[in-house]
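Survey of secondary and tertiary structure
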Amino acid sequence: MKLSIFTLNIWGLKLTSKDRNARVRALADSLINNGYDVVCLQEVWCEDDYKHLKASCDNVFKYIHYFHSGMLGSGMCIMSRYPIIDHHYHSFILNGYLHMFWHGDWFGGKGVGLCRINVKGFIVDVYTTHLHACYNASNDKYTNHRIIQAFETANLIRVTSFGSDLAVLAGDLNSGPNDICYKLICLGANMNDSYSACLSNSIEYTYNHPENSYKNADEINDRIDYILYKSNEKNLVVVNEHRHSLPHRVPGQDFSYSDHEPIEAVFEISTNTSSIGRNITKNSGLIFENEFLSVLNTSLNICNEKSVINPLISWTFIISVLICIILSMYLQLVSYTNTIVIITLLIFFIMNIYNLIIKWTEKNCIRGFCNHVETLFSNQ
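What counts and what doesn't
- Residues numbered from 1 in each chain as written.
- Predicted model: local features only at pLDDT ≥ 70, side-chain atom pairs only at ≥ 80, totals over all residues.
- Heavy atoms only, no water.
- 1 Å grid on protein atoms, 1.4 Å probe; cavity = no way out; pocket = protein on both sides within 12 Å on 5 of 7 lines; lining within 4 Å.
- Points joined across faces, edges and corners; volume = space filled by probe spheres on them.
- Helix = DSSP H or I, 4+ residues; strand = E, 2+ residues; numbered from the N terminus.
- Nonpolar A, V, L, I, M, F, W, Y, C, P; charged D, E, K, R; others polar.
- Disulfide = S-S within 2.5 Å.
- Buried < 20%, exposed > 50% of the residue type's maximum accessible area, 1.4 Å probe, protein only.
- Axes fitted to C-alpha atoms, helices over the stretch in contact; angles between N-to-C directions.
- Parallel < 35°, antiparallel > 145°, perpendicular 65-115°, else oblique.
- Left-handed = near helix turned anticlockwise from the far one by under 90°.
- Contact = heavy atoms within 4.5 Å.

What the largest pocket holds in volume is close to 1,200 Å³. In terms of lining residues, the largest pocket is bounded by 42 residues, among which A133, C134, N174, Y207 and E219 are the most central. Contributing elements (two or more residues each) for the lining of the largest pocket: α3 (105–108), α4 (143–160) and α5 (180–188). Considering every element that reaches the lining of the largest pocket, the biggest residue donor is α4, with three residues. Across the lining of the largest pocket, the residue classes break down as 16 nonpolar, 13 polar and 13 charged.

Structure, rendered in C-alpha cells:
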C-alpha cells in the first residue's frame with residue numbers, strides 16, 4: 001500500500017504575509033489535484049483561510065481536523081482521505097514571551113497535533129508541529145524554548161505511537177539537520193528522516209530557496225521542514241519518493257505558494273510476514289545509544305536554569321525612564337508633580353512583577369526538563 005504525506009508552512013499571517021489570499025486559493029487547487037493522502041499544514045492563522053481550504057478540499061479530504069489552541073489557534077491542521085479515528089493536542093509548556101508580540105509565537109499556542117488514521121487497516125499516527133522560530137541567530141532568546149519543545153515532541157511521539165503501524169511527523173521544526181533540536185526529535189523518538197531514507201530525494205532547501213519569490217538575501221538557505229517516520233517490526237516501510245511536489249512558483253503567477261517549500265514523502269507499507277507472532281517492543285522504547293546520550297548532555301549544557309534571562313530588564317528601565325520624562329513634562333505644567341511619582345512606581349512595580357513571573361515560569365519548566373532527562377539517564 002502506498003501513502004503520500006504532504007506538508008507546508010503556508011505563511012498565513014494576516015496583513016503581513018504577502019499575496020496570502022491568492023496563495024491559499026492556489027494551494028487549495030493544488031491539494032485536490034495531486035493525489036495526496038494526508039496533508040499537514042502550519043501557520044493557518046486566519047479562520048477565512050481555513051474555511052476556504054476546508055470547503056475546497058472536503059470532497060477529496062473527507063476528514064479534516066484543526067487544532068485549536070492559544071489566542072489565535074495553533075495554526076496547524078491535518079487533512080486526510082482516510083478516517084481520523086482519534087486525535088490529540090499537546091501545548092508546549094514554553095512558547096515565547098507575551099511582551100514580544102511582534103514575534104507572535106506566544107499568541108499562537110503552538111504544540112504537537114496528532115491524528116490517528118485508519119489507512120486500509122493500517123494504523124498510522126500522523127503528527128504535525130511548528131517549533132518556535134529563531135529571529136536572531138547571533139542572539140537567540142528562544143533556544144531554551146525550542147529545545148524543550150523538541151524534547152516534548154519526541155516524548156509525545158515515543159509514548160503515543162506504541163501500537164501504530166507507522167508514525168509520521170510532518171512540520172516546520174525551525175531547526176537545521178545539524179541542530180540539537182532536530183537530533184533530539186530523531187533520536188528521542190527513534191525516527192528516520194525521509195530525506196536520507198529516499199534514494200531519489202530531490203530536496204535541498206525548504207526555506208529561503210533560491211527560486212522562491214519571497215527569498216531574503218539576508219537569510220541563509222536551509223532545510224527546516226521535515227517528514228520523519230518510524231514503523232514497528234511487523235511492517236516493512238520504504239520511502240519511494242521525497243520531493244518538492246509543487247513548482248517553486250504558482251503556475252502562471254510570479255509568486256510562490258509560501259516562503260517555505262512544500263514537500264511530499266511517498267511511503268510503501270507492507271506486512272513483514274517474517275515477524276508475525278513475535279513480541280515486538282523495540283519501537284515503543286527509547287534507544288539509548290552513545291549519540292543520543294551525547295545530544296542529551298549537550299541539551300543540558302545549553303538549557304539550564306543559569307541560562308534563563310531577565311526578559312524585561314532593559315525594557316523596564318527604558319520604558320520607565322521615558323514615561324517618567326514625558327509625564328513630568330506634562331504634569332508639571334498642570335501642577336500635579338506628586339502624581340508622576342505614583343504612576344512611575346506603579347508601572348515599574350507591574351513590569352517587574354511580570355518579569356519575575358516569566359523568569360520563574362521558565363526556570364521551573366527547565367527544571368522539569370532537566371529532571372526528566374536525569375530520570376531517563378538513571379534508568380539506563
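Before going further, it helps to spend a moment on the state of the cysteines. One covalent bond between the sulfur atoms of two cysteine residues makes up a disulfide. This model, assessed by the stated rule, comprises zero disulfides. With no disulfide of its own, C77 lies 8.4 Å from the sulfur of C40, the closest cysteine sulfur. Residue class for C77 comes out buried when judged on its relative accessible area of 1%.

Looking now at the packing of helix α1 (residues 20–31) against helix α2 (residues 47–57). How two helices sit against one another is set out by the angle between their axes and by the gap between those axes. Where α1 meets α2, the closest approach of the two axes is 9 Å, and the angle between their N-to-C directions is 25°. Comparing their axes, α2 and α1 come out roughly parallel. Crossing of α1 against α2: the hand is right-handed. For the pair α1 and α2, contact is made by R20, N21, V24, R25, L27, A28 and L31 and by D49, H52, L53, S56 and C57, respectively. Its residues assigned to classes, the contact of α1 with α2 comprises six nonpolar, three polar and three charged.

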